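Coordinate analysis (summary)
The lines below spell out each chain.
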Amino acid sequence: MKPTIHSVAQEAGVSISTVSKVIHNTGSISEQTRKKVFQAMNKLNYHPDVAAASLRGKKTKVIGLLVPDISNPFYAEVARSIEDRSRELGFNVMMCNTDNDAEKEKEYLSLLTSQRIDGIVVASAFRSTDLLEGLLEKGIPIALIASEIPKLSIDTVTVDDYKGGYLATSYLLSLGHKRIAIIVENVRSNIPRLEAFRDAMEEAELPILDGYIIKTEAMIQKGYEGARQLLSLQERPTAIFACNDLLAAGVIQAAKEMGFNIPEDVSVVGFDNTVLSTTTSPMLTTVAQPVKEMGAKVIDLLTKEMQTSKPYKERLLLSPELMIRQSTAALP
């Protein structure tokens, strides 16, 4: 049987009116109770009828945005570009920070659908792909930015991560570096960046030494820890490719603390071209993602889907660009 508001109330151990208040975001409800209701909705796969009704009738002019970590400057800039384009088209944006947590993803999807949003942009690796598939089947427009879910037929805007990784690695090779290490974030978008690194090194007929590949989370502290590990090796790298600017900032911090000069002793390349790249000292050589264009295009695809429910989805692959600054130099 199709779940109802009554079954959600029973599962959560609350009244029907409490469930209604959570769904419509009205009244004074404790965070603990709100979480219990969302968990019950997720368990029963309950989505309020108001979401479907809004798609058939009056639009709310609200777009939901899921980001993994708004403290990461890249996602802050993605959110800004999405909001700018949305406002140009007359939409407001409701942003949700998932922390790459599957439970939070479920809760926010329930919240967004209950708020009768017109569409959703996912700027996250997103673990709950079955939930997205369920919303697509219900006719809720969804688009992805900066990440792909190959098994879903869904509008997607990404950058060519393989090309970006190849640009970074081949540039360091052109400077004469042979001992090049890489610090990779454990997300889908970093897989082609690592593949490009491996391919560029192989084409140059250079080995990737033991311990020269570090996989971690996207945090300055993790970049710092990774760099200390690399720069403590007996045969240390003369260049480090960090697969986002947060990691690169940590690399610069650790190298300086250990007494290395940048770029004379070690060259550093990042990825994303966020505000961090021009505030580090020295300023960071990095691979730029066209964030403004990405944000505008994903909203254009989403609003087009809202209007026409087109049968064929688009996957746009934009080109990155290497921004050369002061953190890299030719090997002495």
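Note: the structure precedes this text.
Overview of the structure. (Residues numbered from 1 in each chain as written. Predicted model: local features only at pLDDT ≥ 70, side-chain atom pairs only at ≥ 80, totals over all residues. Heavy atoms only, no water.)

Another aspect to go through is helix α5 (residues 73-88). Given a rise of 1.5 Å per residue, 16 residues ought to cover 22 Å, and the 23 Å separating the end C-alpha atoms of α5 matches this to within 8%. For α5, the full list of buried residues reads P73, F74, Y75, V78, A79, S81, I82 and S86. Between the side-chain oxygen at the start of α5 and the backbone nitrogen of F74 there is a gap of 2.9 Å, and the oxygen is on N72. Where α5 terminates, the next one or two residues include G90, which has phi positive at roughly 90°. (Helix = DSSP H or I, 4+ residues; strand = E, 2+ residues; numbered from the N terminus. Expected span 1.5 Å × (residues − 1). Buried < 20%, exposed > 50% of the residue type's maximum accessible area, 1.4 Å probe, protein only. Polar contact = N/O pair within 3.5 Å; in protein donor to acceptor, adjacent residues only side chain to side chain.)

Tallied over the entire structure, the rule returns two aromatic pairs. Taken together, a centroid distance of 5.1 Å and an interplanar angle of 70° make the contact between F74 and Y75 edge-to-face. The residues F74 and Y75 share a single accessibility class, namely buried. Aromatic side chains Y162 and Y166 sit 6.4 Å apart centroid to centroid with 20° between the ring planes, which places their arrangement in the stacked category. Of this pair, Y162 and Y166 both sit in helix α8 (residues 161-174), four residues apart, roughly one helical turn. On the basis of relative accessibility, which here comes to 31%, the residue Y162 falls in the partly exposed class. (Phe/Tyr/Trp six-rings, centres within 6.5 Å; stacked < 30°, edge-to-face > 60°.)

Turning to the sheet that holds strand β5 (residues 155-159), a few remarks are in order. Spatially, β2-β1-β3-β4-β5-β11 is the arrangement adopted by the six strands of the open sheet, whose pairing is parallel. Sheet topology places β2 (92-97) and β11 (315-318) at the edges, where each strand pairs with a single neighbour. On average, adjacent strands in this sheet sit at an angle of 15° to one another, irrespective of strand direction. In this sheet, strand β4 (residues 142-145) lies alongside strand β3 (residues 119-122) in parallel orientation, the contact comprising three bridges. Within β4, the residue paired with V121 across the bridge is A143. Running over the sheet, α5 touches β1 (62-67), β2, β3 and β4 and is turned about 160° from β2. (Pairing = 2+ DSSP bridges. Axes fitted to C-alpha atoms, helices over the stretch in contact; angles between N-to-C directions. Contact = heavy atoms within 4.5 Å.)

It is worth spelling out the packing of α5 against helix α12 (residues 291-308) at this point. Interhelical geometry of α5 versus α12 gives an angle of 50° and a closest axis separation of 8 Å. Our classification of the angle between α5 and α12 gives oblique. When you trace α5 past α12, the crossing you get is right-handed. Contacts between α5 and α12 pair F74, E77, V78, S81, I82, R85 and S86 from the former with V291, K292, G295, A296, V298, I299 and D300 from the latter. By residue class, the composition of the contact of α5 with α12 is seven nonpolar, three polar and four charged. (Parallel < 35°, antiparallel > 145°, perpendicular 65-115°, else oblique. Left-handed = near helix turned anticlockwise from the far one by under 90°. Nonpolar A, V, L, I, M, F, W, Y, C, P; charged D, E, K, R; others polar.)

We now examine unusual backbone geometry. Look at the link from I262 to P263: it is a cis peptide, with omega at 10°. With respect to the secondary-structure elements, P263 resides in the loop between α11 (245-257) and β9 (267-272). Following S281, the chain continues to P282 via a peptide bond in cis, the omega torsion being 0°. Notably, D99 is not glycine yet its phi reads approximately 55°, a positive angle. Along the chain, D99 turns up in the loop between β2 and α6 (102-114). Residue D99 is classed as partly exposed on the basis of its relative accessible area of 41%. One non-glycine residue, N273, lies in the positive phi region at around 60°.

With that settled, consider the pattern of salt bridges. Per the stated rule, a full pass over the model turns up 12 salt bridges. When the shortest N-O distance is used, the salt bridge between R85 and D300 registers 2.8 Å. Here D300 lies in helix α12 and R85 lies in helix α5, a separation of 215 residues in the sequence. Note on R85: relative accessible area 22%, which makes it partly exposed. Assessed through its relative accessible area of 31%, D300 is described here as partly exposed. Overlapping salt bridges, with partners in common, bring together R85, E88 and D300 in one network. (Salt bridge = Lys/Arg side-chain N within 4 Å of Asp/Glu carboxyl O.)

Let us look at the nonpolar core. I82, V121, I145 and V298 are the most contacted members of the largest nonpolar core, which has 23 residues in total. Of all the secondary-structure elements, those providing two or more residues to this core are β1, α5, β4 and α12. Counting residues per element, this core draws most heavily on α12, at seven residues. Contact partners of I145, with chain neighbours within four places excluded, come to V78, I82, V121, V122, A123, S124, V157, M294, G295 and V298. Core analysis: the next-biggest nonpolar cluster, separate from the first, contains 21 residues, Y224, L230, L247 and L284 among them. (Core = buried A, V, L, I, M, F, W, Y, C linked by side-chain atoms within 4.5 Å.)

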